[in-house]
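# Working through the structure, step by step
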Amino acid sequence: EMGTAQREVYNRVKAEYRDKLLQRIDENGVGNNAIYILEGLTRLRQICNAPQLVEKETDNHAGAVKLDELLREIEENTGAHKVLVFSQFTGMLGLIAQEMESKAIPFLYLDGSTPAAARQQLVSRFQEEEGMRVFLISLKAGGVGLTLTAADYVYLVDPWWNPAAEQQAIDRTHRIGQQNKVFAYKMICKDSVEEKILLLQERKKIIAADIISEETGFMKKLSADDVAFLFS
């Protein structure tokens, strides 16, 4: 559940996009407004993660429920387990990293800017160093080419357009040599666009990777009613 301050930011941004979008779609159709729809959905998804990803002046500790919940999970529930944390947004990974540093929790970080040579060094450290229990990874950097069988907890901070991409991330742990059961958690804000995206995926059955490969595939499936639903 988003707190009051986070919900206020979410509702305000949602209303701004809804009013403009429904008028544009009525005049020009969904296809001609795909970029603007995607922009609005992305903003709302970022606010579900942390309002300061959209509004920089927001206090770093004001109403980021996923940040609070994730840190609580890492501190209280993971214990001696090793943890992968995935997000599509590097800004969110940066906020998580700041919180980890403030609490003196060791972690590793990998995103699209990490050189290939450094990637393998990071993987080796995570696999081999007992005290290195948390690995923050961006979706695009971590989707393929990583074997991280030391991990047995996976947190997907934000839901992705393509459920197959989520499965690819979880599959980093499922490689030859995995001895443990793996627990994967998807963090979803209630009463938000995140829940609605999941409902649309179910309704339209756009689950398989050959039907939807990225957000552009998702956008092509949207009707005017779907857009109204997402921003309702």
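For the structure, check the block above.
Residues numbered from 1 in each chain as written. Predicted model: local features only at pLDDT ≥ 70, side-chain atom pairs only at ≥ 80, totals over all residues. Heavy atoms only, no water.

## Focus on the sheet that holds strand 5 (residues 183-186)
With respect to topology, five strands assemble into an open sheet ordered 2-3-1-4-5, the strand pairing being parallel. Taken across any chain shown, the strands that pair with only one partner, and hence form the sheet edges, are strand 2 (108-110) and strand 5. When strand polarity is set aside, the average angle formed by the axes of neighbouring strands in this sheet is 15°. Sheet analysis places strand 2 next to strand 3 (residues 134-138), joined by three bridges and oriented parallel. Bridge pairing in strand 3 places Leu-110 opposite Ile-137. (Pairing = 2+ DSSP bridges. Helix = DSSP H or I, 4+ residues; strand = E, 2+ residues; numbered from the N terminus. Axes fitted to C-alpha atoms, helices over the stretch in contact; angles between N-to-C directions.)

## Considering the pattern of salt bridges
Across all of its chains, the model carries eight salt bridges by this definition. In this structure, Asp-19 and Arg-18 form a salt bridge, with 3.9 Å as the shortest nitrogen-oxygen distance. Relative accessible area serves as the criterion here: at 25%, Arg-18 is assigned to the partly exposed category. The partner of Arg-72 in a salt bridge is Glu-69, and the shortest N-O contact between them spans 2.5 Å. Separated by three residues within a single helix, Arg-72 and Glu-69 lie in helix 3 (residues 65-76), roughly one turn from each other. Of the residues examined, Arg-72 reaches a relative accessible area of 29% and is grouped as partly exposed. (Salt bridge = Lys/Arg side-chain N within 4 Å of Asp/Glu carboxyl O. Buried < 20%, exposed > 50% of the residue type's maximum accessible area, 1.4 Å probe, protein only.)

## Quick look at helix 2 (residues 34-49)
If you check helix 2, its first and last C-alpha atoms are 23 Å apart, about what 16 residues at 1.5 Å a residue would give, namely 22 Å. All of the buried residues in helix 2 are Tyr-36, Ile-37, Gly-40, Leu-41, Leu-44, Arg-45, Gln-46, Ile-47, Cys-48 and Asn-49. (Expected span 1.5 Å × (residues − 1).)

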